[in-house]
Amino acid sequence: MNEISRRDEVSLSGAALRGAPWKTAAVSGGATAAVSFGLGVLTDSAGLVWSLGLGISVFALVAAIGAVSKPNEGDRVTRQARLWALKHPWRFALLPAAITAVLDYPVQLVLDGEGVFGSAFQSVWHGALVYVIAGVLTLTRQGRARSSQ
C-alpha cells in the first residue's frame, strides 16, 4: 500500500519546487507581461489584467518545469521529491496551478472589477490551464526519472 495523503503530496510538490529557478521564473513572467501589454498598446487592444495574468501563468510554468528539469541536482530530499514529481506529473501540477490561481485572484478582483465570483472563476480558469500545461510538460520529462534511477 503505497498511497500517500493529499497533505504529503502537497509537501512533495513543494519540496520539488524548492529548487525551482525562481529568479528566471520571475524575469520570464515579468517580461511576458511587459511584452504582452506593450503589444496590446501598439495594437490598441491593451489589457493590463490579461497581461498580468499571462505573466503569472508563465511564472508558475517556468518554475514548475525548471524544478523537474534537473532531477539529480540538489540535496537528497529535493532529488527524491523531483523524482516523485516526474513519476506523478498530474499530482505535481496541482501546486503550480494553485499558485497561479492564488496569485491571479487579487489581480482579477482589483483590476478587472468582475466581482468576487467572476474573479474567482477567471483565476481558477487560469490555474486549470497551467495545470494542463504543467502536467503535459512534466509528463514529457518522465524519461529523466527513469534514467536517473
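None of these values were measured; they are calculated from a predicted model.

Conventions adopted
- Every chain is numbered independently, its residues counted from 1 as its sequence is written.
- In keeping with the model being predicted, local features are shown solely for residues with a pLDDT of at least 70 and side-chain atom pairs are shown and tallied solely at 80 or more, while totals for entire chains, interfaces and linings include all residues.
- Heavy atoms throughout the structure, all of them, feed into the side-chain values; hydrogens and water do not.
- Remark: nonpolar core denotes a set of buried residues (Ala, Val, Leu, Ile, Met, Phe, Trp, Tyr, Cys) joined through side-chain atoms within 4.5 Å.
- Under the scheme applied here, a residue whose accessible area is under 20% of the maximum for its type counts as buried, over 50% as exposed, and between as partly exposed, the area being computed with a 1.4 Å probe on protein chains only.
- Here a strand is any run of E in DSSP of at least two residues, a helix any run of H or I of at least four, and the numbering for each starts at the N terminus.
- In what follows, a contact means two residues having at least one pair of non-hydrogen atoms within 4.5 Å.
- Classification of ring pairs uses Phe, Tyr and Trp, with its six-membered ring standing for Trp, and accepts pairs whose centres are within 6.5 Å; under 30 degrees between planes counts as stacked, over 60 as edge-to-face, and the remaining range as tilted.

## A short note on the nonpolar core
If you look at soluble globular proteins, the nonpolar side chains tend to sit buried side by side. Ala16, Leu17, Ala20, Val68, Ala85 and Phe92 are the most contacted members of the largest nonpolar core, which totals 15 residues. Of all the elements in the fold, those that place two or more residues in this core are α1 (6-17), α3 (48-69) and α4 (76-87). A total of five residues in this core trace back to one element, the largest contributor, which is α3. With near-sequence residues (within four places) excluded, Leu17 lies in contact with Trp22, Ala63, Ala64, Ala67, Phe92, Leu95, Pro96 and Ile99.

## Details of the packing of aromatic side chains
Following the criterion strictly, the structure yields two aromatic pairs and no others. Centre to centre, the rings of Trp22 and Phe59 are 5.7 Å apart; their planes meet at 40°, and the pair counts as tilted. Taken together, the residues span a long stretch of sequence, with Trp22 in helix α2 (residues 22-42) and Phe59 in helix α3 at a distance of 37 residues. Since its relative accessible area comes to 19%, Phe59 is described here as buried. Taken together, a centroid distance of 5.6 Å and an interplanar angle of 55° make the contact between Trp90 and Tyr131 tilted. A residue pair is termed long-range when its members are at least 10 positions apart, and Trp90 in helix α5 (residues 89-92) and Tyr131 in helix α7 (residues 115-140) qualify at 41 residues. Given the relative accessible area of 34%, Trp90 is considered partly exposed. According to the relative accessible area criterion, Tyr131 is partly exposed, its value standing at 25%.

## Brief notes about the side chain of Ser36
Of note, Ser36 is situated in helix α2. Apart from residues no more than four positions distant in its own chain, Ser36 is found in contact with Trp50, Ser51 and Leu54.

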